[in-house]
Amino acid sequence: PLRQFVVVTWIAVLMTFIIAYWLLEDWSVIDLYDPEDDNGIQQQSIREPNETLETEIEGYQDGSIVDHVDATPAKPMVKPHLLRRWFPNHYQSIHNEEDETQHQEGNDERSEARRLPNYKMYRTQHIRSNEGNTSLCAGVLQILNQVTALLRMRSTWRVLIFGFASFTIAMNWTASEMILPPFLERRFGEDIPIYTIQSINLFGCLILPPIVGALTSGREDFSIVMPGLWIMALSPIFVAILPTAAGACVWQVVMTFGEVLWSPRQTSWTASLAPTGSEGLFFAISSARSVMGPLTDFLMGAINEKYNTNCPDCRDQYGHFCGNLSTENDENTFQCASVQESCDLFLDNKQQSCPLTCTECPSWEPTDPSACWYLLMLVSIATPISVWLFLPFLRGKYNRDENCYGL
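These numbers come from a predicted model, not from an experiment.

### Considering a nonpolar patch on the surface
Taken together, the side chains of Phe 17, Ile 18, Ile 19, Tyr 21, Trp 22, Leu 23 and Leu 24 present a nonpolar region at the surface, about 880 Å² in accessible area. With a relative accessible area of 62%, Leu 23 lands in the exposed category.

Below is the structure:
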């Protein structure tokens, strides 16, 4: 199975690389008549009737003048009538806001130039410098200047603080991969559907974010993030109270619900703070907690070793439990065997049973099944508390909230 896993993983990596290299393309979409774009307004006001498409959309990329000969009309992904049918209230509210904005700006001399959106798409042209190769010292100095300019931005520190504050709650994901499988397998046997239970989080994160996003679109970011952090941080208590497969399922459901509340909102909040063109850099900064990954793996291994011990004496060399009684060699010898081979485990009589779990193994030392999950919950709570402490700074204003003081 391990070899198959490695082979399939490499095949998936190679196929992903082929798809990304040969099939994915980089396109830019602009609105030629965007009223919020100063360049677009200026071009609206001075555009002559006989100007070509190249003249209309020049200067929209990196402040340079580029002729996009291959620009084509950009079709919307969702038709307006579908939006009106799916989200009638939101659709109507958007149009009401637009009508009010146009009414308030009726006396503005620029309002006469406002038109319906005219979207165009073209292949993104990456501008490269024509200068010669710079020296190593100049390149290093340029990088240091960029890093210094980045660290001087207030929004950088807001994203960075939230990223490190969410380190402890992210341990729930690591625990789902490193603690939950051995916890279920060692205490309830090999027949437990471990990865089916794990897939609850996967399918929940695939299905729920669009639904939750549509229902909470009108709320302030941290009014959604904070409840999501608390829900996810407290979710391990269900496995601690009910250390069974059912408790693990409830944990996955509650953890997923909390995750779909705060994680997508963190992404949109990060994008709103990033300067134009630096969104990818800010996403990387928000994931700065990944540098603590080795520490998380070490902690998970220590928790498994102390609170979720293994039973190698009751397994074969492949890791399977010696759960079958074998009497092939001698009827008076009661030897336990796995599905693949005989084990060095013997019974005194037929009334005894071969172990199918670690809890049935004679040499296994019992541990408290709830201890590791209570510990995980206490560690996870550090994230919502830390975010709450920095909430005025993260929100960009020196107040928390009128509702429960921002909790």
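Once the structure has been displayed, the description carries forward.
### Concerning the state of the cysteines
For the coordinates displayed, the defined rule picks out four disulfides. Note that Cys 336 is cross-linked by a disulfide to Cys 354, the S-S spacing being 2.2 Å. For the disulfide bridge between Cys 336 and Cys 354, the dihedral angle about the S-S bond is near -90 degrees, and by the sign convention the bridge is left-handed. Note that Cys 336 is positioned in strand 5 (residues 334-337) and Cys 354 in the loop between strand 6 (342-347) and helix 16 (371-380), a separation of 18 residues in sequence. For the pair formed by Cys 336 and Cys 354, the shared burial category is buried. The connectivity of the disulfide bonds within the chain can be written as 1-7, 2-8, 3-5, 4-6, using the sequence rank of each bonded cysteine.

### Here's the deal with the packing of aromatic side chains
One pass over the full model with this rule turns up ten aromatic pairs. Geometrically, the ring pair formed by Phe 162 and Trp 269 is tilted, given 5.6 Å between the ring centres and 55 degrees between the ring planes. Taken as a pair, Phe 162 in helix 7 (residues 154-165) and Trp 269 in helix 13 (residues 245-273) lie far apart in primary sequence, 107 residues in all. Relative accessible area serves as the criterion here: at 6%, Trp 269 is assigned to the buried category. Ring pairing ties together the aromatic residues Phe 162, Trp 173, Phe 222, Trp 262 and Trp 269, which thus form one cluster. Residue placement shows Lys 306 over the ring face of Tyr 307; its charged tip is 5.7 Å from the ring centre. Here Arg 315 stacks its cationic end above the ring of Phe 321, 4.1 Å away from the centre of that ring.

Cut-off values and rules
- Residues numbered from 1 in each chain as written.
- Predicted model: local features only at pLDDT ≥ 70, side-chain atom pairs only at ≥ 80, totals over all residues.
- Heavy atoms only, no water.
- Patch = residues over 30% accessible without salt bridge, like charges linked within 9 Å, V, L, I, M, F, W, Y side chains within 5 Å.
- Areas by Shrake-Rupley, 256 points an atom, 1.4 Å probe, with all protein chains shown as cover.
- Salt bridge = Lys/Arg side-chain N within 4 Å of Asp/Glu carboxyl O.
- Buried < 20%, exposed > 50% of the residue type's maximum accessible area, 1.4 Å probe, protein only.
- Disulfide = S-S within 2.5 Å.
- Helix = DSSP H or I, 4+ residues; strand = E, 2+ residues; numbered from the N terminus.
- Phe/Tyr/Trp six-rings, centres within 6.5 Å; stacked < 30°, edge-to-face > 60°.
- Lys NZ or Arg CZ within 6 Å of the ring centre and 35° of its normal.

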